[in-house]
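Structural description and commentary
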Amino acid sequence: MLLSARASPYLPLRRLICRCATSGPDISSYKETFARRMAMAGIKPHHRIAMGVSGGPDSMALCVLTAGWKSDGFVRRDDVSGYVDGLLGIVVDHRLRPESSDEAMLVRDRVHKMGVRCEIVCCDWPDGRPKQGHLQEAARDKRYQLFVELCMKQQISVLLIAHHADDQAELLVLRLSRSSGVMGLAGMPFVSQLFPQGISLNQGVLLVRPMLEFSKDGIYKICQGSTLEWVEDPTNKSMLFARNRIRSSLTNLSSSVFWSEVQNLISACRLTRSYIDKICRELISQSVTISEFGYATIDLEKLQPSEIDDLCLSHYLTALVQFIAQRHRPVRGRSSRLLVEYTRGMPCKNFLTVAGCNLSPEPGSKGRKIVVSFSVNLLDSSNNDASTHYKYNCLSGFQFEGTKLCTEVRDIIREQHLCSNIQIGDKAKVPFLNAKNPTDILTEAKKLNLVGDFTLRNLSFLELDEQKRFCSSKEASNDSSVLHRRTFKGALRVHLKPGQACHFLGRFLVTYGANDTAINRNASHFCQFCEASAEREVIIRHMVDADWLFLRRVSSSCNIEKVSMDAGTSNQLEFEFSDYMVHSAAKALKALRLIPASARRALPVVVDDQDLLLSVPSVGFSCCPCINVVADFRPRVPLGGGHNSYL
C-alpha cells in the first residue's frame, strides 16, 4: 500500500536558495528536444517571447534553454545591456508574504545575469488576501492576467511557461480525484491562447509549454549543467494544498515503469481530446450560425445529434454555451448532461436554462433549430463579467492592440499546422470515447496495456485518498460559499463618458463617440440632447421589457407630442417624441422582431441617470442623432476558446 508523506503545514519564512556544482551533466540532448518542441509550436528565434519566471529550477531551466535557443538562431544581444533581443522574463510578486518583494528582486537580478531582460509585476488584492481554500487558484488567475497585460503592452506574441511531465502527472491524479473525464485527464495543452480582460481586438497571446517532455530530474540536470542558482518556494511543501500532497505521494513512487505508464495514459487521453476537438470544430462549421446580435442558432437537421458520440456532442454544446455566455469555467456534470438530453429531443419543444444560457426552439423552425442566447437572469460568479468595468479612451484608437501582434499570432498558428505531421487517426483507434467516468478510463487503459497492475493500483489509491480530502473540505466550505454566489447584479450598469468604450459582459464592444455640439446646432435637427454638454455621461445596461414597450409607444406616435412617463423612478418626466425618434423606434422594432425574445434581453442599451432609454445601438435606435454610441458583438474569447494543441 502506498503511504502519503505528511509534511508540516507551517512554512519557513524565506525560500531555500540552491546552488549547483561548478560543472554538471551535458545538456545538449535537452537543448535539441527544446528546439524541436519550439519548431512544433511554430515559433522561430526572431519572434518576441516572454517567459514566466518564479526563480525555481523549472523556470530557470526555461530561461537558459530559451536564451540558448535564440542565440543558436543567430539572434544578437544588445550592445549596451548584453540582453538577448526579443526575450523578456516576467517575475510576479504576489505580495502574499512579507519577503516576496525582496525575493522577486533577487530573481530578477539572477535572470539579468543570464543575459535576459526581466521585469517585476505586482499583484494588487483590493478585496484583501484570498481565502486559504482558494489561494492558489486566485494567485494563478492573477498571475496569468498580469502576464497577458504585460505581453500586450510590450507587443509580445508568445508566453512560455515551464510546466513539465511531473506537473502533468500531478494534474492527472488531481483530476482523477475530481471525477474528470477524458477531456480533463488530457492535462495541460502544449499550445493554447490567453485573452486579456476588457477590450481585445486581436488574437490574444499564445501560451506555449515547451518542456512537457522533461521530467523533474531532467530539469535539475539542466540547472546543474548550466551552473544555475535557483530557489525552492516554501509553499510547495505545505500539505494544505492538494497539488503538494499529490506531489509528495508521487515522489515515493520511484519506479520508472510507473512514470512511463502514467505518461502513456496521459498521451492516450490527449489523442482522444485532439480527436474530439477536431470533430467539434467540424460540427460547429456545419451546423452553427452566430448572429451579430450575440446569439447562436443550431441546425439540428445538419447536426444529427442522435448519430454523435456523447463525448463529442457534449464538448460541442459546452463550447457553444461557453462562447455565448463568455464563461471561463468549464460546463460539467449535470449541466453537460442536460445539454445533451435537450439537443437529442428533436423536434425541440421546450426551453432550457443552463450554464448562463437560454436554449429554446427557433420561432417558425418547428423545433428543428435551437437558439442559444445569453441569460441575464443567471448572472453569478460563474460568469466572467468583471470586464464590464474595463473602460478605455476610444479616441486613442486602441493603439495597444496593434495589428502586428495579431498578424504574428496568426502566422505562428499557421506554421504550427504546417510543422505538425501527426495524424489523429480514425475513430476506431481512439480510446476512451465511451468511458463515462475515471474508473472506466483506467479499466480500458489496462485492457489496452497502457498501464499495468502496479500503476493501476497506485493511481486508484491516490485518486481515492485525494477524493476523500476534497469531499471533506468541500463540505466544510459549503455554508460560506453560498454567500458568494450572486455578486454581480450591480455590475450590469456601466457609466461611460464621450470618448470612452467598454466591453459589456465580455460580449459587446460599446463605444461612446464624442459629440460635436457645434455641428449639431448648425444641423436642421435640434432637440434637448443637442444642448447637452459634451461631457454628458450615459449608462450601459442590458435590455428589459420596459424598453420594448417604450419603443412600441414611441413608434405609434405620429407627430411630436409631449407626454408624461414614469421612467422606473418616482420622478415624472416630460419628454417629446420627435419625427426622428419615431422613425428610429419603428426601424428598431422591425429589427427586434427578428431577434428571439431571449436574445433581446442581452442587448446593450443606453440610458441616462433617470433610466430613460436613449439608444439601442445594436438595432439602430436613438432618441437623437447627437447620441453617438455604437455596439458590436465582439466576444473576448472566440468560439472554441481559441487555438489549442494537445499533440
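Residues numbered from 1 in each chain as written. Predicted model: local features only at pLDDT ≥ 70, side-chain atom pairs only at ≥ 80, totals over all residues. Heavy atoms only, no water.

As annotated in an unreviewed UniProt entry, the chain carries the name tRNA(Ile)-lysidine synthetase and is attributed to Rhynchospora pubera. Database annotation for the chain, UniProt heading Catalytic activity (unreviewed entry): "cytidine(34) in tRNA(Ile2) + L-lysine + ATP = lysidine(34) in tRNA(Ile2) + AMP + diphosphate + H(+)". (UniProt positions renumbered as here; feature names shortened; annotations may be inferred.)

1. Digging into the pairing of strand E6 (residues 191–194)
What you see with E6 is no split at all: Val-191 and Gln-193 on one side and Ser-192 and Leu-194 on the other are buried throughout. Both E6 and strand E7 (residues 205–208) contribute to a ladder of four bridges, which runs antiparallel. Counted as the bridge partner of Ser-192 is Leu-207 from E7. (Buried < 20%, exposed > 50% of the residue type's maximum accessible area, 1.4 Å probe, protein only. Helix = DSSP H or I, 4+ residues; strand = E, 2+ residues; numbered from the N terminus. Pairing = 2+ DSSP bridges.)

2. Focus: the packing of helix H11 (residues 310–325) against helix H12 (residues 333–344)
A pair of packed helices can be characterised by two numbers: the angle between their axes and the separation between those axes. Two elements in contact, H11 and H12, have axes separated by 9 Å at closest approach and are oriented at 105°. The pairing of H11 with H12 is recorded here as roughly perpendicular in orientation. The segment H11 lies against H12, with Asp-310, Leu-313, Ser-314, Leu-317, Thr-318 and Val-321 engaging Ser-336, Leu-339, Val-340, Thr-343 and Arg-344. (Axes fitted to C-alpha atoms, helices over the stretch in contact; angles between N-to-C directions. Parallel < 35°, antiparallel > 145°, perpendicular 65-115°, else oblique. Contact = heavy atoms within 4.5 Å.)

3. Notes on the environment of Met-105
Within the fold, Met-105 resides in helix H3 (residues 100–113). Among the residues examined, Met-105 registers a relative accessible area of 35% and is labelled partly exposed. A C-alpha to C-alpha distance of 9.8 Å links Met-105 and Cys-118, two positions 13 residues apart in sequence.

4. Re the pairing of strand E16 (residues 500–504)
Counting buried positions along E16 gives four out of five residues, so the element sits mostly inside the fold. With five bridges joining them, E16 and strand E17 (residues 508–512) adopt antiparallel strand pairing. The partner of Cys-502 across the bridge, within E17, is Val-510. Count of turn residues in the E16/E17 antiparallel hairpin: three residues, of which Leu-505 carries a positive phi of about 55°.

5. Some details on the confidence of the model for the chain
Looking at the chain as a whole, the pLDDT averages 84, with 81% of positions reaching at least 70. Predicted confidence for residues 395–402 stays below pLDDT 50, and this span has 15 contacts to residues more than four positions away or in other chains. This model gives residues 475–491 a pLDDT under 50, and the stretch forms 17 contacts once residues within four places in sequence are excluded. (pLDDT = per-residue confidence, 0-100.)

6. Topic: the pattern of salt bridges
Tallied over the entire structure, the rule returns 28 salt bridges. As a salt-bridge pair, Lys-436 and Asp-310 come within 2.9 Å of each other at their nearest N and O atoms. Within this pair, whereas Lys-436 is found in the loop between helix H13 (403–419) and helix H14 (438–447), its partner Asp-310 is found in helix H11, the two being separated by 126 residues in sequence. Residue Lys-436 is classed as exposed on the basis of its relative accessible area, which comes to 61%. Taking the shortest distance from any N to any O, the salt bridge between Asp-453 and Lys-446 comes out at 3.3 Å. Taking relative accessible area as the criterion, Lys-446 reaches 29% and is therefore assigned partly exposed. Residues joined in a network through salt bridges with shared partners are Arg-493, Arg-541, Asp-547 and Asp-611. (Salt bridge = Lys/Arg side-chain N within 4 Å of Asp/Glu carboxyl O.)

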